[in-house]
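Tertiary structure, described
Here is how the chains run, residue by residue.
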Amino acid sequence: MVLQDGSVYRGYAFGANNEAVGEVVFTTANVGYPESLTDPSYKGQILVFTSPLIGNYGTSPDQWESDAIQVSGAVIFDLTIPSHYTSVMGLDEWFRRESIPGIYRVDTRALTVKLREVGVMMGAIADDVDRALKLIRDAPRYDDIDFTRLVSPSAPIYYGDDDKPCIGIIDCGVKMSIVRNLLNRGFRVVRYPCHMWRNALNDCDGVLLSNGPGNPNLLTYLSDVVTDVIRDRKPTLGICLGHQVIALGIGARIYKMRYGHRAINKPVLDLIRGRVYITTHNHGYAVDPQSIKGTGFKVWAIQPDDNTVEGLIHERLPILTTQFHPESKPGPLDANWVFDEFARMVINHGR
């Protein structure tokens, strides 16, 4: 594992006999590695796990957030043999089947300290240091690629019964747990490719702007979504990248964080209800709170450790956003009520 600053972290290969290059990020989640590995928000990234034991319970499709491993590669300390009755394969076999390389017995503590102190950066997994450095030099920067077009479906995908109220997901890389939360609340769901966002507004009772990978500042083609949502008073929920897209649509500024929030135990302070929730996070960009002033939105949630904006709400219209992940997969269920609130908005304000 080589970083763009020349730092080298040696280990043993597992998974596919391939090379990987991407932005190197870390997660402090101690469970839920199948959900993290299949989360489309990690597209284009090499994921470092700070938890020392990865692979304990293998994997099974019911744990996946998409139909494939989305990370470019993985860095772990100890590759363990699975021991769980639901496991269908171990991590090594899973990575080999999906042509994803991994490296283990790496000093993940030292690597994480470097990323915390210096910030996330490009890196590569390869057999040779010089080869890794060449991969990094030749690769486009993570911030310059619109990854949403790589994880968004090519055509609409339909779930649920036709006679139920419809939620249109503008799919920038949605996690399946979000879909399941909507279905469990009595909606039918349509996942629209992100370039077909107008269909979601026209055909459905509520709109969800999904999570997804990459730099939100590149998604200028989605800026009109917010204008139309406000015009139509359409009940809308934005999650993670969707939260950032809504902020961009109202003229707010999005900045890149030094190393982001990627964990399942991040506190969020609810400024309206006076409560603290323990929540799941996966984001490397955030909204500048000063740029929200005068937009008709207000900040309703922050991350108390660094005051990152974790949620916006419109002062008059049924529009709600969360920077964190209320679907809580993996993670605690503290914020699952967000879907109940969104359901209430759709029923009260939808067609």
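All chains use their own residue numbering, which begins from 1 and follows the written sequence. This being a predicted model, a pLDDT of at least 70 is required before a residue's local features are given, and a value of 80 or more before pairs of side-chain atoms are given or counted; all residues contribute to the totals for chains, interfaces and linings. Where side-chain values are given, they derive from all heavy atoms of the structure, hydrogens and water being excluded.

1. Some remarks on the packing of aromatic side chains
Ring geometry is summarised as follows: Phe, Tyr and Trp rings, the Trp one being its six-membered ring, pair when their centres sit within 6.5 Å, and such pairs are stacked at plane angles under 30 degrees, edge-to-face over 60 and tilted between the two. Per the counting criterion, the structure on display carries eleven aromatic pairs. Arranged with centres 4.6 Å apart and planes meeting at 35°, the rings of Tyr33 and Tyr57 form a pair that is tilted. Of this pair, Tyr33 sits in helix H1 (residues 33–37) while Tyr57 sits in the loop between strand S5 (53–54) and strand S6 (73–75); the two residues are 24 residues apart in sequence, bridging distant segments of the chain. Relative accessibility thresholds used throughout: buried, under 20% of the residue-type maximum; exposed, over 50%; partly exposed, between the two (1.4 Å probe, protein chains only). Assessed through its relative accessible area of 2%, Tyr33 is described here as buried. The numbering of helices and of strands both runs from the N terminus, where a helix is a DSSP run of H or I of at least 4 residues and a strand a run of E of at least 2.

2. A short note on empty space enclosed by the protein
Cavities and pockets are found on a 1 Å grid laid over the protein atoms alone: a cavity is a set of points where a 1.4 Å probe fits but cannot escape, a pocket is an open set with protein on both sides within 12 Å along at least five of seven lines, and a lining residue has an atom within 4 Å of such a point. Grid points are joined across faces, edges and corners, and a volume is the space filled by probe spheres set on the points. As enumerated under the stated definition, the model contains three cavities of 30 Å³ or more in all. Considered as a void within the structure, the largest cavity measures approximately 130 Å³ in volume. Along the wall of the largest cavity there are 16 residues; nearest its centre are Gly214, Asn282, His283, Gly284 and Tyr285. Mapped by element, the contributors of at least two residues to the lining of the largest cavity are helix H9 (241–249), strand S15 (254–270) and strand S16 (275–287). The leading source of residues in the lining of the largest cavity is S16, at four residues. Residues are grouped as follows: Ala, Val, Leu, Ile, Met, Phe, Trp, Tyr, Cys and Pro are nonpolar; Asp, Glu, Lys and Arg are charged; every other residue, Gly included, is polar. Within the lining of the largest cavity, the residues separate by chemical class into five nonpolar, eight polar and three charged. Taken as a whole, the second largest cavity encloses approximately 100 Å³ of empty space.

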